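As a plain string of letters, each chain reads:
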Amino acid sequence: MSRPLIAALVAAALAAPAAAQDTMELRIGTEGAYPPFNFYDSDRNLTGFDVDIARALCEEMNADCTFVAQSWDGIIPALRAGKFDAIIASMSITPERDEVVDFTNKYYNTPPAIAVPKDSELTEASAEAMADITLGAQSATTHANYAEEYFPETELRRYGTPEEYKLDLASGRIDAAIDDVVVLSDWVNSEDGACCEILTTLTPDPVINGMGAGIAVREGEEELIAKFNDAIAAIREDGTYEEIQSKYFDFDVYGD
């Protein structure tokens with residue numbers, strides 16, 4: 001065996017462990033109940049915009065990522081307890097949340113909206129028009145907080161998952177629902193949501209709704225935040241983001 005060949009084999013053998021060490025192992029927390037952003041497909045695999053974005057970011061970061069499904073109301077406590085390393089689950093970057101976790105830059109930004117039955121008498125979403133109706137919202141969300149602030153005379157009914165308020169809206173047990181416009185639009189354009197329509201989008205409140213959806217990590221994880229931010233910028237630059245976006249939406253969800 002020639003000396004150059006031996007040298008090359010030795011160099012490759014030494015490089016392999018170094019390459020393996022460069023691979024991060026990350027556990028990604030998501031909800032799995034918020035279509036089209038994160039949900040289970042018919043084969044019980046996690047999918048959706050959040051999940052595809054997470055996979056693309058992990059590939060860009062040379063990270064070996066596994067997903068952990070977690071109920072929404074326990075997702076921040078689970079992150080802080082070390083159940084996973086990051087939350088990629090359409091979590092809005094808000095001052096309140098920023099007190100207990102750290103966030104990356106946004107990876108999308110869409111406004112809230114109101115959905116109503118097609119035969120609803122509601123024609124607008126003012127505080128006066130919404131008074132004395134029953135409004136559904138997922139608990140522990142910016143949308144529930146928005147309803148409390150802007151519709152004080154409305155009976156707010158909180159649900160553990162969006163699926164629950166959708167069932168109640170379809171069956172007439174509530175009069176309207178508030179959520180992200182993409183989530184509600186996806187539902188009303190489906191067979192299950194044929195009962196209902198979008199009444200209007202709402203002007204976001206920066207304090208309540210935040211500045212878009214970001215990736216949450218434990219406080220002080222500055223290096224991980226930097227890696228995620230670099231990866232977000234990279235997939236925006238190389239077209240990966242647009243490719244993923246086009247699977248789910250016909251408009252730019254990144255926002256301004």
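Shown above is the structure to which this text applies.
The numbering scheme is per chain: residues are counted from 1 as the chain's sequence reads. In keeping with the model being predicted, local features are shown solely for residues with a pLDDT of at least 70 and side-chain atom pairs are shown and tallied solely at 80 or more, while totals for entire chains, interfaces and linings include all residues. Hydrogens are left out, water is left out, and the side-chain values use all remaining heavy atoms of the structure.

Novice: How do you make sense of the overall build of the protein chain when you look at a structure like this?
Specialist: Within the protein chain, the regular secondary structure consists of 11 helices and 13 strands. Dimensions along the principal axes, computed over C-alpha positions, put the protein chain at roughly 85 × 35 × 30 Å. In these tables, accessible area is a Shrake-Rupley quantity obtained with a 1.4 Å probe, and a residue counts as shielded only by the protein chains included in the view. Of the roughly 12800 Å² that the protein chain leaves accessible, carbon and sulfur atoms contribute 47%. Working definition: helices are DSSP H or I runs of at least four residues, strands are E runs of at least two. Numbering for both runs from the N terminus.

Novice: What is the right way to read a negative patch on the surface from this model?
Specialist: A patch is a set of surface residues, each over 30% in relative accessible area and not in a salt bridge, joined within 9 Å for like charges and within 5 Å for the nonpolar side chains Val, Leu, Ile, Met, Phe, Trp and Tyr. Salt bridge, as used here, is a side-chain nitrogen of Lys or Arg placed within 4 Å of a carboxyl oxygen of Asp or Glu. Charged-residue counts in this description rest on Lys and Arg as positive and Asp and Glu as negative, His and the chain ends being excluded. The atoms used to mark charge sites are NZ of Lys, CZ of Arg, CG of Asp and CD of Glu. Among the surface-exposed residues, Glu59, Glu60, Asp230, Glu237 and Asp238 lie close enough to one another that they form a single negatively charged patch. Inspection of the secondary structure puts Asp238 in the loop between α10 (222–237) and α11 (240–248).

Novice: Would you take a moment to explain helix α7 (residues 162–171) for this structure?
Specialist: Residues spaced three or four apart along an α-helix point in a common direction, a consequence of the helix completing one turn every 3.6 residues. The set of residues buried in α7 consists of Pro162, Tyr165, Lys166, Asp168 and Leu169. Seen from one end, α7 has its buried residues packed into an arc of 165°, which puts them on one side. Where α7 terminates, the next one or two residues include Gly172, which has phi positive at roughly 85°. Residue burial is assigned from relative accessible area. The probe radius is 1.4 Å, only protein chains are included, and a residue is buried under 20% of its type maximum, exposed over 50%, and partly exposed in between. This arc describes the spread of directions from the helix axis toward the C-beta atoms.

Novice: Before we go on, may I ask you to explain the packing of aromatic side chains in this structure?
Specialist: Centre distance and the angle of the planes are the two values used to describe a pair of aromatic rings. Note on ring pairs: Phe, Tyr and Trp rings are taken, using the six-membered ring of Trp, and paired if centres are within 6.5 Å. Classes follow the plane angle, with under 30 degrees stacked, over 60 edge-to-face and the rest tilted. Counted under the stated rule, the structure contains 15 aromatic pairs. Ring plane angle 45° and centroid distance 5.9 Å describe the contact between Phe249 and Phe251, whose orientation is recorded as tilted. Overall, Phe249 belongs to the buried group, its relative accessible area being 8%. Through successive ring pairs, a cluster of aromatic residues spans Tyr34, Phe37, Phe49, Tyr107, Tyr108, Tyr241, Tyr248, Phe249, Phe251 and Tyr254. Lysine and arginine charges are scored as sitting over a ring when NZ or CZ, respectively, is within 6 Å of the ring centre and within 35 degrees of the ring normal. We note Arg236 situated over the ring of Tyr241; from NZ or CZ to the ring centre the distance is 4.8 Å. Taking the ring centre of Tyr254 as reference, the NZ or CZ of Arg236 above it sits at 3.7 Å.

Novice: Is there a simple way to explain the state of the cysteines in this structure?
Specialist: Covalent bonding between the sulfur atoms of two cysteines defines a disulfide. Counting rule for disulfides: a pair of cysteine sulfur atoms within 2.5 Å. Counting across every chain of the model gives one disulfide. Between Cys58 and Cys65 runs a disulfide, and the two sulfur atoms are separated by 2.0 Å. The sign of the S-S torsion, about -95°, decides the handedness of the disulfide formed by Cys58 and Cys65: left-handed. Accessibility classification places Cys58 together with Cys65 in one group, the buried group.

Novice: Can you help me understand the side chain of Asp52 in this one?
Specialist: Here Asp52 lies in helix α2 (residues 49–60). Setting aside residues up to four positions removed in sequence, Asp52 forms contacts with Thr47, Ile244, Lys247 and Tyr248. Working rule for contacts: check all heavy atoms of both residues, and any pair within 4.5 Å makes them a contact.

Novice: I tried to follow the nonpolar core on my own but got confused; where do I start?
Specialist: Side chains of a nonpolar character, in soluble globular proteins, are inclined to be buried together. The criterion is simple. A nonpolar core is a set of buried Ala, Val, Leu, Ile, Met, Phe, Trp, Tyr and Cys residues joined through side-chain atoms within 4.5 Å. If you look at the biggest cluster of nonpolar residues, it comprises 45 residues, and the most contacted ones within it are Leu26, Phe49, Leu57, Met61, Tyr107, Ile215 and Phe228. Not counting the four nearest positions on each side in its chain, Leu26 is found in contact with Met61, Ala63, Asp64, Cys65, Thr66, Asp85, Leu224 and Phe228. By size, the runner-up hydrophobic cluster in this structure holds 18 residues, among which are Ile114, Phe151, Ala176 and Leu199.

Novice: Would you mind going over the environment of Asp41 with me for this structure?
Specialist: Relative to the elements of secondary structure, Asp41 occurs in the loop between β3 (38–40) and β4 (46–47). Classification of Asp41 as partly exposed rests on a relative accessible area of 27%. Distance in space between the C-alpha atoms of Asp41 and Gly74 is 23 Å, their sequence separation being 33 residues. Of note is the side chain of Asp41, whose polar atom sits 2.9 Å from the backbone nitrogen of Asp43. Polar side-chain contacts of Asp41 include one of 2.9 Å to the backbone nitrogen of Asn45. In protein, a polar contact requires one atom able to donate a hydrogen and another able to accept it; more generally it is a pair of N or O atoms within 3.5 Å, and residues adjacent in sequence count only if both atoms are side-chain atoms.

Novice: Help me out: how do you make sense of the pattern of salt bridges in this one?
Specialist: Oppositely charged side chains can pair when the atoms bearing their charge come close. The tally for this structure, following the rule as stated, stands at eight salt bridges. Between Asp52 and Arg55 there is a salt bridge, with the nearest N and O atoms lying 3.8 Å from each other. Taken together, the residues Asp52 and Arg55, both in helix α2 and three residues apart, mark about one turn of the helix. Owing to a relative accessible area of 41%, Arg55 belongs among the partly exposed residues under this scheme. Here Asp52 ties to Lys247 by a salt bridge, and the two come within 2.7 Å at their closest N and O atoms.

Novice: Where do I start with the sheet that holds strand β9 (residues 134–138) in this structure?
Specialist: Note: strands within a sheet are paired through backbone hydrogen bonds, in either parallel or antiparallel orientation. Read from one edge to the other, the open sheet built from five strands follows the order β10-β9-β11-β8-β12, with strand pairing classed as mixed. The open sheet has two free edges, formed respectively by β10 (155–159) and β12 (196–201), since each of these has just one partner strand. Taking the axes of each pair of neighbouring strands and ignoring which way they run, one obtains an average angle of 30° across the sheet. Whether two strands pair depends on DSSP finding at least two bridges between them. Relative to strand β11 (residues 176–180), β9 runs parallel, the two sharing two bridges. Its bridge partner being in β11, Gly136 is matched across the sheet by Ala177. Axis definition: a line fitted to C-alpha atoms, over the contacting stretch in the case of helices. Angles run 0 to 180 degrees between N-to-C directions. Where α7 meets the sheet, it contacts β8 (112–117), β9, β10, β11 and β12, and its direction lies at approximately 150° from that of β11. Set on the sheet, helix α8 (residues 181–188) makes contact with β8, β11 and β12; between it and β11 the angle comes to about 120°.

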